[in-house]
Amino acid sequence: MTNSFDFDQADILFTDVDDTLTTDGQLLPETYLALCRLAAAGIRVIPVTGGCAGWCDQIIRTWPVTAVIGEGGAFYAERSAPQTVCWHYWNDAASHKRDQQTILAAIAELKLDFEPKLASDQAFRYVDVAVDYNQQQSLTSEQVAALHDALVDLGFSVRQSSIHLNVWLGDFDKSTMAVRVGRELLGLDLPELQQRAVFIGDAPNDESMFRRFPLSIGVANIHKHLSAMSHRPAAIVSQRSGMGFAEMAENWLRQRAESDLPQTETRPAQCQTQ
């Protein structure tokens, strides 16, 4: 990304987590400092991840973020009080749990020449099912494609992150829940949200966000995926993963130092408890 990327009047950041904020599975101090600096400058940060509900609970409780969207858009979580987390599901918790059991049963019955392994955090997921292909086990690209196609043929939604295949039933994805967060939590309609929100990501499961948000950025490790992507970021930083995030933040804050944008009041939405 060059210094010519115009953050304009943006004061909201949607950010992927795995391999965008994290670097080789770790959250570097430089990256966390960049996150804190953005929040201190009045930029509302909202992670948008395929990560599990357990991870999202930790993020919303301990990071300087406004909300967190998890499991590929299945829900968002916010703090309704200092120690109280409020969960907002795409549909409702009970129907999502039934769908999750359907997916788990279908994966167990797949007839492939290898055995798919669930992600180690599956027990902490409320809605989707994550199959590990690049975290604790390593599948070939051919195996990933075969698994993806078999699950799509069964009628499931499937997205590939940098480490998992995320599988769910429903018409949600990262971008549809980001739009809902804009409306319900930030009080913004889609055109205003698109003018004020930046998205940064790294993988094919971020395509819906790249398509929806014109102010979109990729960290450098996205280059290996670009040939297979229909929707690409408007700009790409020079560094990979968390250091690329820090590079983006430095450029944004440098531009923002020239003008102070007022913060927008959020409005409460009804939540479900878990």
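Further up the page is the structure itself.
Source: prediction; values computed, not measured.

Moving on, we come to the sheet that holds strand β4 (residues 75-81). Within the open sheet, the 3 strands sit side by side as β3-β4-β5. Their pairing is antiparallel. In the strand order of this sheet, the two ends are held by β3 (68-70) and β5 (84-89), each with one partner. Direction aside, neighbouring strands of the sheet carry axes that sit 30° apart on average. Alignment of β4 against β5, held across 6 bridges, turns out to be antiparallel. Considered in β5, the bridge of Ala81 is made with Thr84.

Here we take up the packing of helix α1 (residues 29-40) against helix α8 (residues 241-256). Relative orientation of the contacting elements α1 and α8 amounts to 30°, with a least axis distance of 8 Å. As far as their axial angle goes, α8 and α1 are roughly parallel. Crossing angle aside, the handedness with which α1 passes α8 is left-handed. Contact with α1, carried on its side by Glu30, Thr31, Ala34, Leu35, Arg37 and Leu38, involves Gly242, Met243, Phe245, Ala246, Ala249, Glu250, Trp252 and Leu253 of α8 and no other residues of that element. When the residues that make up the contact of α1 with α8 are grouped by side-chain class, the tally is 9 nonpolar, 2 polar and 3 charged.

This next bit is on the pairing of strand β2 (residues 44-47). On β2, burial covers both faces: Arg44 and Ile46 on one face and Val45 and Pro47 on the other are all buried. Both strand β1 (residues 12-15) and β2 contribute to a ladder of 4 bridges, which runs parallel. Bridging across to β2, Leu13 finds its partner in Val45. For the handedness criterion, the β-α-β arrangement of β1, α1 and β2 is classed as right-handed.

Our focus in this paragraph is the sheet that holds strand β7 (residues 129-132). Read across the sheet, 4 strands follow the order β6-β7-β9-β8 without closing on themselves; strand pairing throughout is antiparallel. For this open sheet the edge positions go to β6 (117-118) and β8 (157-160), each flanked by a neighbour on one side alone. Strand direction decides the pairing type here: β8 and strand β9 (residues 164-168), joined by 4 bridges, are antiparallel. Looking at β9, one finds that Gln160 is bridged to Leu165. Across the sheet, helix α3 (residues 93-108) touches β6, β7 and β9, and the angle it forms with β7 is around 30°.

Counted according to the given criterion, the structure contains 12 salt bridges. Across the pair Arg44 and Asp11 runs a salt bridge whose closest N-O atoms are separated by 3.5 Å. Taken together, the residues Arg44 in strand β2 and Asp11 in the segment before β1 connect sequence positions 33 residues apart. We note that Arg44, like Asp11, is buried. Among the salt bridges present, the one from Arg196 reaches Asp11, with a minimum N-O distance of 2.8 Å. Here Arg196 is found in helix α6 (residues 190-196), whereas its partner Asp11 is found in the segment before β1, with 185 residues between them in sequence.

So, on to the side chain of Thr20. Structurally, Thr20 can be placed in the loop between β1 and α1. In this structure Thr20 touches Thr15, Ile200, Gly201, Asp202, Val219, Ser241, Gly242 and Phe245, once residues within four positions along its chain are discounted.

On to α1, then. Taking 1.5 Å of rise per residue, the 12 residues of α1 would be expected to cover 16 Å, and the 16 Å separating its terminal C-alpha atoms lies within 8% of that figure. Residues Thr31, Ala34, Leu35 and Leu38 constitute the buried set of α1. Down the axis of α1, the smallest arc covering the buried residues is 100°, so these residues share one side. Exposed positions of α1 whose direction lies more than 90 degrees from the buried face are Pro29, Leu33 and Ala40. Backbone geometry just after α1 places Gly42 at a positive phi near 90°.

The rules behind these values
- Residues numbered from 1 in each chain as written.
- Predicted model: local features only at pLDDT ≥ 70, side-chain atom pairs only at ≥ 80, totals over all residues.
- Heavy atoms only, no water.
- Pairing = 2+ DSSP bridges.
- Helix = DSSP H or I, 4+ residues; strand = E, 2+ residues; numbered from the N terminus.
- Axes fitted to C-alpha atoms, helices over the stretch in contact; angles between N-to-C directions.
- Parallel < 35°, antiparallel > 145°, perpendicular 65-115°, else oblique.
- Left-handed = near helix turned anticlockwise from the far one by under 90°.
- Contact = heavy atoms within 4.5 Å.
- Nonpolar A, V, L, I, M, F, W, Y, C, P; charged D, E, K, R; others polar.
- Buried < 20%, exposed > 50% of the residue type's maximum accessible area, 1.4 Å probe, protein only.
- Right-handed = clockwise from strand over helix to strand, strands pointing away.
- Salt bridge = Lys/Arg side-chain N within 4 Å of Asp/Glu carboxyl O.
- Expected span 1.5 Å × (residues − 1).
- Arc of directions from axis to C-beta.

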